[in-house]
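Understanding the architecture of this molecule
Here are the chains, one letter per residue:
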Amino acid sequence: MFNKNIKLVLAALVIAYAIYQFTRNEILTGIMLILFSGIFVILYFWNEMIILAFLRLRKQDFAGAQKWLGKIKNPEAALVTKQQGYYNYLHGLMISQTNMTQAEKFFRKAVKTGLRMDQDLAVAKLNLAGIAMSKRRKREATSLLNEAKKLDKQGMLADQVKMMKQQMKKI
């Protein structure tokens, strides 16, 4: 919604007003304003549009997620590097249903820019392995599957990895 720099400026203004409130012995108001400025700092690191798109994607509402991601204009300027990774990751997940070549581009860009959680990185690499396997690039698919297996520390993707390895034996 707001540019990342505007969020920091708003947080600084609210903190300055909180300090002014402290000088007037309005301690409770100053504390509440500092807590309020924390919202702007949090939204600097977690973009609100990406959070809303994740919530829509969780409900399998691809059109709604696409709508929220569409509200981010010029993601390179508006988002922090990790947010750009999740922006591309979400686009890759949505487009992978229809266009594998375009999804591969988004997943590669997401892996390159970085994702915070190892589980998300494992899912991206697993999807890249599936795309490589569908394009008959067995060596690349094998290496991506091994990387996804290493990143999957909770074992949530173990069944998918086993299934893909069985399918690769048929190729």
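Our structure's up above, just so we're on the same page.
Heads up: these notes are all about the structure in this document. Computed from a prediction, not measured in an experiment: that's the story for all the values here.

Turning to the pattern of salt bridges, a few remarks are in order. Inspection of every chain in the model, using the stated rule, returns 10 salt bridges. In this structure, aspartate 118 and lysine 153 form a salt bridge, with 3.5 Å as the shortest nitrogen-oxygen distance. Separated by 35 residues along the polypeptide, aspartate 118 in helix H8 (residues 118-134) and lysine 153 in the loop between helix H9 (138-151) and helix H10 (158-170) bring together distant segments of the chain. Overall, the relative accessible area of 36% leaves aspartate 118 in the partly exposed class. For the salt bridge of lysine 125 with glutamate 147, the shortest nitrogen-to-oxygen distance reads 2.3 Å. Highlighted residues: lysine 125 in helix H8 and glutamate 147 in helix H9, separated in sequence by 22 residues. When its relative accessible area of 13% is taken as the criterion, lysine 125 is described as buried.

A few words on the packing of helix H7 (residues 100-113) against H8. Packing of H7 against H8 brings their axes to within 10 Å, and their N-to-C directions diverge by 145°. Regarding H7 and H8, the two cross each other, and that crossing is left-handed. Residues Met100, Ala103, Glu104, Phe107, Arg108 and Val111 of H7 form the contact with H8, whose own contacting residues are Leu121, Ala124, Lys125, Asn127, Leu128, Ile131 and Ser134. Broken down by class, the residue content of the contact of H7 with H8 amounts to 8 nonpolar, 2 polar and 3 charged.

Inspection of the secondary structure assignment puts glutamine 84 in helix H6 (residues 81-95). When near neighbours in sequence (up to four residues on either side) are disregarded, glutamine 84 contacts Pro75, Glu76, Leu79 and Thr113.

Let us now look at the packing of aromatic side chains. What the rule picks out here adds up to 6 aromatic pairs. On the numbers, 5.4 Å between centres and 85° between planes, the contact of phenylalanine 36 with phenylalanine 40 is edge-to-face. Of this pair, phenylalanine 36 and phenylalanine 40 both sit in helix H2 (residues 27-45), 4 residues apart, which is roughly one turn of the helix. The class for phenylalanine 40 is buried, based on a relative accessible area of 14%. Note that lysine 67 overlies the ring of tryptophan 68, its terminal NZ or CZ placed 5.2 Å from the centroid.

Formed by 40 residues in total, the largest nonpolar core has its most connected members in Ile50, Leu69, Ile72, Tyr89, Phe107, Leu126 and Leu145. Residue assignment for this core shows that the elements contributing at least two residues are helix H3 (48-58), helix H4 (62-70), H6, H7, H8, H9 and H10. Considering each element in turn, this core owes the most residues, 10 residues, to H8. If sequence neighbours within four positions are ignored, isoleucine 72 has contacts with Asn47, Met49, Ile50, Leu79 and Tyr87. Core analysis: the second largest hydrophobic core is formed by 5 residues, Ala11, Val14, Ala18 and Phe40 among them.

Cut-offs and rules
Residues numbered from 1 in each chain as written. Predicted model: local features only at pLDDT ≥ 70, side-chain atom pairs only at ≥ 80, totals over all residues. Heavy atoms only, no water. Salt bridge = Lys/Arg side-chain N within 4 Å of Asp/Glu carboxyl O. Helix = DSSP H or I, 4+ residues; strand = E, 2+ residues; numbered from the N terminus. Buried < 20%, exposed > 50% of the residue type's maximum accessible area, 1.4 Å probe, protein only. Axes fitted to C-alpha atoms, helices over the stretch in contact; angles between N-to-C directions. Left-handed = near helix turned anticlockwise from the far one by under 90°. Contact = heavy atoms within 4.5 Å. Nonpolar A, V, L, I, M, F, W, Y, C, P; charged D, E, K, R; others polar. Phe/Tyr/Trp six-rings, centres within 6.5 Å; stacked < 30°, edge-to-face > 60°. Lys NZ or Arg CZ within 6 Å of the ring centre and 35° of its normal. Core = buried A, V, L, I, M, F, W, Y, C linked by side-chain atoms within 4.5 Å.

Treat this as a map of the structure, not an account of what it does.
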